[in-house]
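Now for the letters of each chain:
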Amino acid sequence: MGSADFQLFPETASSYASRVDAVFWFLCGVTVFFTVAIALAIVFLGVRYRRNAEVNRTPYTPPMWLELSWLIAPAPVLLFLFFWSSQVYLEMQRPPADAMEINCVARQWMWKFQHPSGRREIDELHVPVGRPIRLKMISEDVIHSFYVPAFRAKQDVLPGRFTSVWFEATKPGTYHLFCAEYCGTQHSKMVGSVKVMSPTEYEEWLSGKTGDVSPQVAGAALFEQHRCGTCHGPSTAQTRGPTLEGIYGKMIPLVDGTSVPAEDTYLRESIVRPGAKIVAGYQNLMPTFEGQLSEEELNDLVAYIKTLSGPVAATAKEAQP
Ligand code: CUA
C-alpha cells in the first residue's frame, strides 16, 4: 500500500455509511462550535480582565434565568443527537430479513469466509453490490474485530459466541478489511479486502470453483459421521436426547426451570459443552465435542440442524448479540 492510497476520510460505500457520516459531522460541528466559542471567550475575558485594566471587578451573581438557561438550552440538542444516533445505530444492528448470510471465522491471524454455496475464501471477501449481506461471525481463539471503514461497519468477533454485522455495498470496488481489536503480535497484519462486484460477476466468481459443498450438506455428513441421530432421532422415536426437528428459533425449557432460544449460539454451545444447558426431561449424557470439531464444522452442523426446522428457520435471523 503506497501513500497514494492515503485518504483522510474513507469512501462511502454502504447503504448506511452516509447516515453514519451525517451523525459524525453533526457531532463534529457541535464540538467545534462550542470549542471555538469557549476559546474565544477565554481570550476575550483574559484580555479584558488583565492585570491593571480599569474594569468593574465587583463580584457578580448571575440571575436564576441565566443559570437555568445554560442548563436547559443544551438538552434539546443532546436529546436530538441521542434519538438520531440511536436510530442510525438500530438500523446498523438490524439486518434486513432477506440478507444473504456469509459465515466468517476469525483466528490469529486471518479471516475465513464461507458463502451460502459453500465456496470458501481467506482474507478476501467477494460480495455482490446492492444486496444486503449479513456476516455470522465467530472466533477460534481470541477477540478480533471485523472492520470495513468504507462501509462504516465494525463488530467484535468473539470466541464461543456468534456475533453479526450487516451491510449493503453500494459501489463496486475493493475496500480494506481490518482487524480492529488487538489480538496478538500479528494483529496489524490481520488485514484483507472486500471485493464488491456486480451480481453477474459475483455469480461467475461463485461458479469459478467447483467441488464446494454447502454448509447444510457438509453438516448432514458430519451429523451422520458422528452418529448424532442415534440419540437425537425424530420426535416420534424413543430417544436419549431431545429431538432436533422443528426446534430452531423456539424457546427450549431447561432442567433448571429457565428457557433459552434455540439459536446458533445455543446450538453450537450444546455441541461443544453439552452439559451447559440441559433440556428439561433429559440427563447430562452427551460427550463433549470440544476440540474435535473446527468452527467451520460447527457452522456446518448448525446449518444442517436449522434445515430440520424447515426452510423458514434456515433463513431466520440470529438473535443480536
Ligand atoms: Cu485479529 Cu486484531
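Please refer to the structure placed before this passage.
Everything numeric in this text was worked out from a predicted model, so none of it was measured.

Conventions adopted
Residues numbered from 1 in each chain as written. Predicted model: local features only at pLDDT ≥ 70, side-chain atom pairs only at ≥ 80, totals over all residues. Heavy atoms only, no water. Helix = DSSP H or I, 4+ residues; strand = E, 2+ residues; numbered from the N terminus. Buried < 20%, exposed > 50% of the residue type's maximum accessible area, 1.4 Å probe, protein only. Contact = heavy atoms within 4.5 Å. Areas by Shrake-Rupley, 256 points an atom, 1.4 Å probe, with all protein chains shown as cover. Lys, Arg positive; Asp, Glu negative; His and termini not counted. Charge placed at Lys NZ, Arg CZ, Asp CG, Glu CD. Axes fitted to C-alpha atoms, helices over the stretch in contact; angles between N-to-C directions. Parallel < 35°, antiparallel > 145°, perpendicular 65-115°, else oblique. Nonpolar A, V, L, I, M, F, W, Y, C, P; charged D, E, K, R; others polar. 1 Å grid on protein atoms, 1.4 Å probe; cavity = no way out; pocket = protein on both sides within 12 Å on 5 of 7 lines; lining within 4 Å. Points joined across faces, edges and corners; volume = space filled by probe spheres on them. Expected span 1.5 Å × (residues − 1). Pairing = 2+ DSSP bridges. Salt bridge = Lys/Arg side-chain N within 4 Å of Asp/Glu carboxyl O.

**Looking at the overall build of the protein**
Scanning the protein from terminus to terminus reveals 8 helices and 12 strands. By principal-axis analysis of the C-alpha atoms, the protein measures approximately 95 × 55 × 35 Å. Here the protein holds 321 residues, and 37% of them are scored as buried. A separation of at least 24 residues holds for 65% of the contacts in the protein among residues at least 6 apart in sequence. On the protein, roughly 18,400 Å² of surface is accessible, and the fraction owed to carbon and sulfur atoms is 62%. If you average the places of the 28 positive and of the 32 negative side-chain charges in the protein, the two averages end up 6 Å apart.

**Section: the packing of helix α5 (residues 215-225) against helix α7 (residues 295-307)**
Where α5 contacts α7, the axes come no closer than 7 Å and their chain directions differ by 95°. Taken together, the axis directions place α5 and α7 in an arrangement best described as roughly perpendicular. Taken together, the residues of α7 that come into contact with α5 (itself represented by P215, Q216, A218, G219, A220, L222 and F223) are E297, D300, L301, A303, Y304 and T307. Among the residues forming the contact of α5 with α7, the class breakdown is 8 nonpolar, 3 polar and 2 charged.

**Details of the layout of surface pockets**
Each pocket or cavity is described by its volume, and for the largest pocket that value is around 770 Å³. Counting only elements with at least two residues in the lining of the largest pocket, the list comes to α5, α6 (264-272) and α7. Of the residues in the lining of the largest pocket, the class split is 22 nonpolar, 8 polar and 3 charged.

**So, helix α1 (residues 17-48)**
Taking 1.5 Å of rise per residue, the 32 residues of α1 would be expected to cover 46 Å, and the 46 Å separating its terminal C-alpha atoms lies within 8% of that figure. Of the positions making up α1, those classed as buried are A17, D21 and V23. Each element contacted by the buried residues of α1 is listed here: α3 (74-93).

**Section: the sheet that holds strand β5 (residues 132-139)**
Backbone hydrogen bonds are what pair the strands of a sheet, in a parallel or an antiparallel way. Ordered by their spatial adjacency, 5 strands build an open sheet running β3-β2-β1-β5-β8, and the pairing between neighbours is mixed. Both edges of this open sheet fall to β3 (120-122) and β8 (163-168), since each of them pairs with a single strand only. Within this sheet the neighbouring strands show an average axis-to-axis angle of 25°, counted without direction.

**Considerations on the pairing of strand β2 (residues 110-114)**
Buried residues dominate β2, accounting for 4 of its 5 residues. In the sheet, strand β1 (residues 100-107) pairs with β2 via 5 bridges, with the strands oriented antiparallel. Directly across from C104, in β2, lies its bridge partner F113. Here β1 folds back onto β2 in antiparallel fashion, the turn holding 2 residues. Direction of pairing for β2 relative to β3: antiparallel, over a ladder of 3 bridges. Each residue of the ladder has a partner; that of Q114, found in β3, is R120.

**Quick notes on the pattern of salt bridges**
Considering all chains together, one arrives at 15 salt bridges under this definition. In this structure, E140 engages K112 in a salt bridge whose closest nitrogen and oxygen atoms are separated by 2.7 Å. Note that E140 is positioned in the loop between β5 and β6 (144-148) and K112 in strand β2, a separation of 28 residues in sequence. Overall, E140 belongs to the partly exposed group, its relative accessible area being 32%. The residue D264 makes a salt bridge to K136 at a minimum N-O spacing of 2.7 Å.

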